[in-house]
Amino acid sequence: MKSSPNDASHPPRIELYIAKVYVTLAEAAYDADGERVRLTTWAEGVPLTVTYGLFGGELLVSAAGPTTTRYLQGRALIAEYTARWAYPLRDGEGSVRQMVGEGGTIILTRSYR
């Protein structure tokens, strides 16, 4: 595996060496402030590009194919909106353990080891 340099003519790229050929796994693009504005990943040769909208270093929107997610920021993420609003529930370390939907039902659970 190798990563390429990060400059204007060569965006950062992660590649895997398989059968004497480098296969690109991911490529990122950054703005002048060093904020990532685009990330493309490949799975079995099929690319998925996520485009990020930032303001003042805070993520406000991301788009991947037909799906757009909007983020409501405070000191940390307050909520995100894709098709409906979802609110993060954090543990004592600040990691998101669950996401709760508009009606108060748990829609995502994460565990860490």
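About the cut-offs
- Residues numbered from 1 in each chain as written.
- Predicted model: local features only at pLDDT ≥ 70, side-chain atom pairs only at ≥ 80, totals over all residues.
- Heavy atoms only, no water.
- pLDDT = per-residue confidence, 0-100.
- Helix = DSSP H or I, 4+ residues; strand = E, 2+ residues; numbered from the N terminus.
- Contact = heavy atoms within 4.5 Å.
- Phe/Tyr/Trp six-rings, centres within 6.5 Å; stacked < 30°, edge-to-face > 60°.
- Buried < 20%, exposed > 50% of the residue type's maximum accessible area, 1.4 Å probe, protein only.

## Digging into the confidence of the model for the protein chain
Here is step 1: Mean pLDDT over the protein chain stands at 87; residues scoring 70 or higher make up 91%.
Here is step 2: Looking across the protein chain, the model is least confident in strand β1 (residues 2-3), with a mean pLDDT of 62, and most confident in strand β9 (residues 85-90), with 95.

## Section: the side chain of Thr40
Here is step 1: The topology assignment puts Thr40 in strand β4 (residues 36-43).
Here is step 2: Dropping the residues within four chain positions of it, Thr40 is found in contact with Leu25, Ala26, Glu27, Pro47, Leu48 and Thr49.

## Here's the deal with the packing of aromatic side chains
Two descriptors summarise a pair of aromatic rings, namely the distance from one centre to the other and the angle between the planes of the rings.
Here is step 1: Per the counting criterion, the structure on display carries two aromatic pairs.
Here is step 2: Centroid distance Tyr17 to Tyr22: 4.8 Å. Interplanar angle 55°. Geometry classified as tilted.
Here is step 3: Among the residues examined, Tyr17 registers a relative accessible area of 45% and is labelled partly exposed.
Here is step 4: Taking the relative accessible area as the measure of exposure, Tyr22 reaches 41% and is therefore partly exposed.

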